[in-house]
Amino acid sequence: MSEDLAVEPLVEVSGISVRFGSFLALDNLSLRVMPGEVYGLLGPNGAGKTTTIKVLMGLVAPSLGSVKVCGFDPLFQPVDVKSRIGYVAENSIVYESLSPRDFFEFVVSMRKTDKAAANRVVSGLAEVFDLAQYFDSPIATLSKGLKQKVALIAAFIHQPPVLLLDEPLNGLDAKSSRVVKDLMTLHVQRGGAVLFSTHIMEIAEHLCTRIGIIDHGKLIAEGTLEQLRTKTDGKDSSLEEVFLKLTNEDAAVAERTKVLREAFFGNEAH
Ligand SMILES: Nc1ncnc2c1ncn2[C@@H]1O[C@H](COP(=O)(O)OP(=O)(O)OP(=O)(O)O)[C@@H](O)[C@H]1O
Ligand SMILES: [Mg+2]
């Protein structure tokens, strides 16, 4: 999507650094997500994806730099920001003793959103996620994927312009993953924005309008798959190949494959 100067970004991260004690988790990171964009954050484990999303939610304070969501600052205008975000955490904390029905009612009342519209969202999403039969079971008794569906529905209840989804397909079966991908696409078609993290390269490859690669807290590359390919020499490379090259993990992967072969097959491996 071209960045029309008249259009304001829905998510703007400007030069943020985050420290946990002496450890620098994010190092001068900047990115923007415009209306209509699905922006995928990729990066090795521990790279800083969750930390970036937490800064946008106001859950972690940057030591340098600033962030804006729909023009509001998460630390100083938390209510304005939270009402405009649908957030799914990496490890969603939903109230396990409640049933999905009670939990959604609780979220609707907290959100002070239009009840009829919220109920339409809940029943529509419950139907497409095949969740209706579990509506009165305690969340504690639901499987991992079913809990993830509850977290996703709760994030959509107030129909926010910005979706911040930390590994949203975690635990979902193929059909439900497809639903989430469709929801993300529909959301940006209505002018919203999605920032999500994933380790699933095929999903990022097919779904994202732009991809940002984080490594050791730094944004090391950003753009469409085509643009990322130009940073490596692979004209027809998959996103996985491009990602491994850009994060300098392609040589490490080859070395680990060799070690594994030797561990399994001994000298026969040669
Ligand atoms: N509260 C904390 N205190 C100390 N260190 C932290 C804290 N939160 C995160 N970190 C560290 O910051 C770094 C970035 O963590 P983060 O969770 O953002 O990574 P990630 O890219 O989301 O990784 P993953 O792919 O495993 O989810 C890691 O080294 C992590 O150990
Ligand atoms: Mg994470």
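Definitions and cut-offs
- Residues numbered from 1 in each chain as written.
- Chains lettered and ligands numbered in written order.
- Predicted model: local features only at pLDDT ≥ 70, side-chain atom pairs only at ≥ 80, totals over all residues.
- Domains from an automatic or database assignment.
- Contact = placed C-beta atoms within 7 Å.
- Nonpolar A, V, L, I, M, F, W, Y, C, P; charged D, E, K, R; others polar.
- Helix = DSSP H or I, 4+ residues; strand = E, 2+ residues; numbered from the N terminus.
- Buried ≥ 20, exposed ≤ 12 C-beta atoms within 10 Å, placed from the backbone.

Caption draft 1: Region of interest: the domain arrangement of the chain. Looking at the chain, the domain boundaries give domain 1 (1-84 + 160-224) and domain 2 (95-153). At the junction of the two partners, domain 1 supplies eight residues and domain 2 supplies seven residues. Looking at the side of domain 1 that touches domain 2 residue by residue, the class counts come to four nonpolar, three polar and one charged.

Caption draft 2: Representation of the environment of Leu-10 in the model. As for its position among the elements, Leu-10 is in the segment before strand S1 (11-20). For Leu-10, a count of 27 C-beta atoms within 10 Å translates into the label buried. Measuring from C-alpha to C-alpha, the distance between Leu-10 and Val-33 comes to 5.9 Å, with 23 residues separating the pair along the chain.

Caption draft 3: Quick peek at unusual backbone geometry. Phi is positive for Lys-112, close to 50 degrees, though the residue is something other than glycine. Classification of Lys-112 as exposed rests on a count of 9 C-beta atoms within 10 Å. Despite not being glycine, Asp-130 has its phi angle at roughly 55 degrees, a positive value.

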